[in-house]
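Spelled out, the chains give:
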Amino acid sequence: MSSKASIDYEAVVIGAGVCGIYQIKKLIDLGYSATVLEAEGDLGGTWYMNRYPGARFDSESHTYGYSFSRELLDEWHWKERFSSQPENLRYLNYVADKFDLRKHMQFNCKVDSAHFDEQLDLWNLQIADGRKITTRFLIMGVGLLAAPTYPRYEGMDDFKGDSFHTYHWPHEGIDLKGKKVAVIGTGATGVQVIGAIAPEVGDLTVFQRRPNWVAPLNNGKISEHEMNEIRSRYDEIWETCRRSPGGFEHEPDRRGFYEVSKEERIALWDKLYDEPGFAIWLRNFREIFTDEEANAEISEYVAGRIRERVKDPKVAEKLIPKDHGFGVQRLPMETNYLEAYNQDNVRLVDISETPIDRITTDGLKTSAESFSFDVIVYATGFDAITGSFDRVDIQGLKGGRLRDKWFDGPSTYLGMMVHGFPNFLMPSGPQSGSASTNYPRGIENGVDWCTAFLEHVKAKGYTRVEATEAAEERWTDHVTKMYSTMLMRKAKGWFTGYNSNVEGHEEGRTRYFVYNGGTPKYVKTISEVAGNNYEGVTLTTKGVAENEAAERAS
Ligand code: NAP
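Report follows, based on the coordinates. Keep in mind it's a predicted model, so treat the numbers as computed, not measured. (Residues numbered from 1 in each chain as written. Predicted model: local features only at pLDDT ≥ 70, side-chain atom pairs only at ≥ 80, totals over all residues. Heavy atoms only, no water.)

1. Digging into the nonpolar core
Applicable threshold: In plain words, nonpolar cores are sets of buried Ala, Val, Leu, Ile, Met, Phe, Trp, Tyr and Cys residues tied together by side-chain atoms within 4.5 Å. A 1.4 Å probe rolled over the protein chains alone gives each residue an accessible area, and that area as a share of the maximum for its type sets the label: buried under 20%, exposed over 50%, partly exposed in between. Elements are defined by DSSP. Helices are runs of H or I of four residues or more, strands are runs of E of two residues or more, and each kind is numbered from the N terminus. Pairs of residues are marked as contacts when any of their non-hydrogen atoms sit within 4.5 Å.
Leu204, Trp449 and Phe453 are the most contacted members of the largest nonpolar core, which has 130 residues in total. Considering each element in turn, this core owes the most residues, eight residues, to helix H16 (residues 439-460). Beyond its immediate stretch of four places on either side in the chain, Phe453 contacts Met417, Leu425, Val465, Tyr534, Val537 and Leu539. Counting 24 residues, the second largest nonpolar core, distinct from the first, contains Cys109, Trp123, Ile127 and Val392.

2. Quick word on the sheet that holds strand S13 (residues 356-359)
Here is the rule: Strands are labelled as partners when DSSP assigns at least two bridges between them. As a rule, the C-alpha atoms of each element are fitted with a line to give its axis, helices using only the stretch in contact, and angles between N-to-C directions run from 0 to 180 degrees.
Spatially, the three strands line up as an open sheet ordered S13-S14-S15, and their pairing is antiparallel. At either end of the open sheet lies a strand with only one pairing partner, and these are S13 and strand S15 (370-372). Strand-to-strand twist across the sheet, computed as the mean angle between neighbouring axes with direction ignored, equals 20°. Alignment of S13 against strand S14 (residues 363-366), held across three bridges, turns out to be antiparallel. Across the sheet, residue Ile356 finds its bridge partner in S14, namely Thr366.

3. A look at the pattern of salt bridges
So the rule is basically this: Note on definitions: salt bridges are taken to be side-chain nitrogens of Lys or Arg within 4 Å of carboxyl oxygens of Asp or Glu.
Considering all chains together, one arrives at 46 salt bridges under this definition. Between Arg305 and Asp270 there is a salt bridge, and its shortest N-O distance comes to 3.7 Å. One end of the pair, Arg305, is in helix H11 (residues 292-309); the other, Asp270, is in helix H9 (residues 262-273), with 35 residues separating them in the sequence. Ionic pairing is found between Lys271 and Glu275, a salt bridge with its closest N-O pair at 2.9 Å. The class for Lys271 is partly exposed, based on a relative accessible area of 49%. By sharing partners, the salt bridges in this structure join Asp270, Asp274, Arg305 and Glu308 into a single network.

4. Regarding unusual backbone geometry
In this structure, Ile385 is a non-glycine residue whose phi angle is positive, near 60°. Relative to the helices and strands, Ile385 is located in the loop between strand S16 (375-378) and helix H14 (387-390). The exposure class assigned to Ile385 is buried, which follows from its relative accessible area of 0%. With a phi angle near 70°, Gln431 is a residue other than glycine that sits in the positive phi range. Along the chain, Gln431 turns up in the loop between strand S18 (424-425) and H16. Accessibility expressed as a relative area gives 0% for Gln431, which makes it buried.

Such coordinate-based values are descriptive only and should not be taken to indicate function.
This is the structure in structure tokens:
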């Protein structure tokens, strides 16, 4: 192929979710020829797909919205403190329409493969509908939790009723009134859906393997007056989010756990438990994440609240996790979840005692009992973070596959680049600042950095950029070492790369997905890298230059 071969786009973004929407805005502003390729039928990512009852933010709505436009902030009225999926999707559509971004998006456009061409310094994309697209830069906005995983039970296809993963909840809705419903899985999603459907279904049976710690969301409406007050505080709100480790308004209690008396700690927890959102998790003492004793004390406190709220003591005990302490995994926030178990039509089945044997034509069978259902809901989670990357056949230099490179665990530079995969950017990749923080806050940092980087690259005329092996090693080592102080490292959850439904990721080998240094440190580091002329990144015109030289010589 001649080096003068035309390139369709300077940049392609995969995914039209929260990340892709902002990234395309920035690319267009920068004057890049760019497009977004989205596998689904419309924009919205997570908020387009997760339509199960109860799906809502557990970040405060006003800290989840984009911060980049004053006009947006002034115009949008969040109706609830923790807004629900339909409103969130309306919001993302409103943003896209306001900035006329839809014309830069292609829907039903699933990218099957992306192969790097070393002679032309570009990516060849194969689209599922048969088209081929070329781009100089490939930007992954594929989402952290966008590859849903089903259990591997025998007989799943035999079930005659309706069954689906929460991620694939029917877009047209489904009437559950009076129906016999099973929910399998009690993570953040299960906890939301169970609390929401318990009052309307006929019978609800929850199949729980391991309980998760949960805390009340304490949602509420936002009046016009309150929204005006929020608008007047936006500068201060963003400043707090920038300062806090998780990109929230919640900041840790800076007093030492052992500096205050037990009575004072309890008084603080009594207050935080009843506050909205992640207060009990993120306004707490920092030691609860690192110190076994401190963690045991807060765990006992929250266990006490569960015992207070669940009437049947046997059920309450089953809902209290025994294999990990409070807050060391992502904390599910709930509304009416624990109270659902006080209803006569709701039953908890502990499948760690009586495992599910198989799905049958009319329900399922455990080692102890047969059940019949109209609907089975799989709230069984995601092949987190790397799963959405793995679903595209990404091949970099010398045909190296990203899927293979990352199988035992991802390695990245800043969570945004990968050695061996030139011109490949991840504003919210594994080990970046987005994975464990208030997502849009992390996204804006990642997208802003990638955009400034592309501006620099364009100004200098580089055609190939790649993280060095040494820089990637340093970063991955840094991310890995940070786990050593966190109790999280011992928990089996998606923060440590566990997924019982994905071969090889069942358990045992920790995968270091999450940057645990907090937002301020992450932003400082990536800014320094940019300020030092993008140290750790090789910037060249390698493929194109060599190809041109070869053409001249021939
Ligand atoms: P999850 O936390 O991974 O939970 C999956 C659940 O399914 C677990 O209870 C798991 O049990 C169970 N499970 C998986 N495979 C199973 C099997 N084969 N048999 C029986 N049970 C099985 O997934 P998730 O609830 O979808 O949440 C994932 C993440 O999405 C959350 O941590 C959060 O970051 C995000 N999320 C956010 C929101 C929000 O912002 N409001 C809402 C929902 C989700 P084991 O623990 O025993 O494996």
